[in-house]
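This is what each chain is made of:
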Amino acid sequence: MIIDASQRAILRSLWFNGQLSRSELHDLTGMTPNAVGNEISQLQRLGLVKELDPKPSTGGRPQIPLILDPSSRRILGISIEPGQVEIAELGLHGDVTVAPISKSVEQESRLLSAATRLARTYCVRRTLMAAASVTGLIDHATGSILLSSSAPHQRHLNTSVLLQGLDDVPLIIGNDLHAAAGRWAVTHRSQLQEDTLLIAFDDGRMGAVMVINGRPNHGCIMGANELGHTRFPVNTPLCYCGQSGCMERIFSSAFLGPAITAEEFSRRVETADVQDGKLAEMLNLLIMACSNAVNFVRPSRLVLASRFMAGEAFAHRLMGGIRAMLLPHLSERVTMDAWNIKVAGSAETAAWLGLATLLFDSWEAYPPPSATAQHPPVI
Ligand SMILES: [Zn+2]
């Protein structure tokens, strides 16, 4: 299955606008009526687009509304994270058609084969594509995982077992942060024209991604992307990157104490109690890392993505703390959003990465398309 730029433009128009007729698609995309008709026929054959009943005629030819086909094709999401693999399935309207199913995997050398076995069970004829998210750095040219907290003792992990296991279904592999960025991009149409820094975090996990013109920026390590490995002079357990004091080791249960459970960590984070000394230290360092990243990257918008953003006290403290530490002109200009979303280990978010690659050109391409080329992200 190869979706070209014209077909992507039609899919994107339908995603962001809902029902459209062929003539409305012609107006929106600038493609000729003939070209629109041909591309629609192709997309119907692939089960991606479907016709609804014609609207009552107002004198001319009846207009046939088109929509993304909600029932024929599915996107399989696969998440690979430390100690666990998970799958979930999405329809083309972003609806969850198979709720997340996860499996613990104790040995890191078995993560990929366990993910393959789980994915194969749900990879069926209706599967349009599979999208896998994994922590760490991925070589997009070869699809290999260069460095990952999921498999800290292995380098250049070959993902061909996953690809072969899914037979002929196209597979996208992306960093879990890029998966979150994909989910954000396809669900925040009005904000896509702004350059955005998205920071995501969970217990023991942190990263950031810049979204520019609706696409993730792959190049920059400083300031974003590797924010989880920004280091502070504090004692933490050793990070899988080989250092201590990394931000993702600071924002973790282990930082609050050796016997702190994940549940207790969540409860303490949500209360954001200023009297809780160790928690206050952790949050102050989190605020410092986030505000440093914003001061460095200077985005128009900062999106803080985490399930913890649902906690009002925590979100208020984090956002207020960050704004207070921004350079004055940035403090006035940067828009800040709390996005309550599960990023770590979410196969649903991985499936949204698949949807993003279906709707946006060259989502995971590096280097990005020529800066002079016209690639309007939203139609
Ligand atoms: Zn590290």
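Only a predicted model underlies this, so the values are computations on that prediction, with no experimental measurement involved. (Residues numbered from 1 in each chain as written. Predicted model: local features only at pLDDT ≥ 70, side-chain atom pairs only at ≥ 80, totals over all residues. Heavy atoms only, no water.)

Trainee: Help me out: how do you make sense of the coordination of the zinc ion in this one?
Mentor: By definition of the ideal shapes, four donors in a tetrahedron about a metal sit 109.5 degrees apart, and six donors in an octahedron sit 90 or 180 degrees apart. The protein atoms donating to the zinc ion are H229 (ND1), C239 (SG), C241 (SG) and C246 (SG), with metal-donor distances spanning 2.0 to 2.3 Å. Coordination at the zinc ion is tetrahedral: its four donor atoms span angles of 101 to 119 degrees at the metal. By relative accessible area, C241 is classed as partly exposed at 29%. Judged by relative accessible area, which is 0%, C246 ranks as buried. (Donors = N, O, S within 2.8 Å, 3.2 Å for Na, K, Ca; no water. Tetrahedral: all angles 85-135°; square planar, octahedral: opposite > 155°, others 65-115°. Buried < 20%, exposed > 50% of the residue type's maximum accessible area, 1.4 Å probe, protein only.)

Trainee: Can you walk me through the side chain of T135 in this structure?
Mentor: With respect to the element layout, T135 can be found in the loop between β6 (127–134) and β7 (137–139). Setting aside residues up to four positions removed in sequence, T135 forms contacts with I80, P82, L147, S148, S149, S150, D176 and R205. (Helix = DSSP H or I, 4+ residues; strand = E, 2+ residues; numbered from the N terminus. Contact = heavy atoms within 4.5 Å.)

Trainee: Whenever I open this one, the pattern of salt bridges confuses me. Can you help?
Mentor: Opposite charge on two side chains allows them to pair when their charged atoms are near. Going through the model one piece at a time under the given rule, you end up with 13 salt bridges. For R205, the salt bridge identified is with E81, shortest N-O distance 2.7 Å. You can see R205 sitting in strand β11 (residues 205–212) and its partner E81 sitting in strand β3 (residues 74–81), a full 124 residues away along the chain. For R205, a relative accessible area of 12% corresponds to the buried category. E81 gets classed as buried once you look at its relative accessible area, which sits at 13%. (Salt bridge = Lys/Arg side-chain N within 4 Å of Asp/Glu carboxyl O.)

Trainee: Is there a simple way to explain the packing of aromatic side chains in this structure?
Mentor: Aromatic ring pairs are described here by two measures, namely the spacing of the ring centres and the angle between the planes. All chains considered together, the criterion is met by nine aromatic pairs. For the ring pair F251 and F314, a centre distance of 6.5 Å and an interplane angle of 45 degrees mean the geometry is tilted. One end of the pair, F251, is in the loop between α7 (247–250) and α8 (253–256); the other, F314, is in helix α11 (residues 312–324), with 63 residues separating them in the sequence. With centroids separated by 6.2 Å and ring planes inclined at 65 degrees, the aromatic side chains of F308 and F314 adopt a geometry described as edge-to-face. Taken together, the ring pairs connect F201, F251, F265, F308 and F314 into an aromatic cluster. (Phe/Tyr/Trp six-rings, centres within 6.5 Å; stacked < 30°, edge-to-face > 60°.)

Trainee: Explain the sheet that holds β3 here, please?
Mentor: Strand pairing in a sheet is mediated by backbone hydrogen bonds. Such pairs are either parallel or antiparallel. Spatially, five strands are ordered β5-β4-β3-β6-β9 in an open sheet, and the strand pairing comes out mixed. The sheet terminates laterally at β5 (96–104) and β9 (171–175), the two strands that pair on one side only. The average undirected angle you get between the axes of adjacent strands in this sheet is 15 degrees. Along the sheet, helix α4 (residues 111–122) makes contact with β3, β4 (84–91), β5 and β6, crossing β4 at roughly 30 degrees. (Pairing = 2+ DSSP bridges. Axes fitted to C-alpha atoms, helices over the stretch in contact; angles between N-to-C directions.)

Trainee: Even after reading the chapter, I still don't get the sheet that holds strand β10 (residues 196–202), so can you show me in this structure?
Mentor: In spatial order, the strands read β12-β11-β10-β13-β14; together these five strands make up an open sheet with mixed pairing. A single partner strand is all that each edge strand has here, and the edge strands are β12 (215–216) and β14 (335–339). Relative to strand β13 (residues 301–305), β10 runs parallel, the two sharing five bridges. The residue of β13 that forms the bridge with L197 is L302. Relative to the sheet, helix α6 (residues 176–187) contacts β10, β11, β12, β13 and β14, its axis offset from that of β11 by approximately 45 degrees. Against the sheet, helix α10 (residues 277–297) contacts β10, β11 and β13, and its axis sits at roughly 160 degrees relative to β10.

Keep in mind these numbers describe shape, not what the thing actually does.
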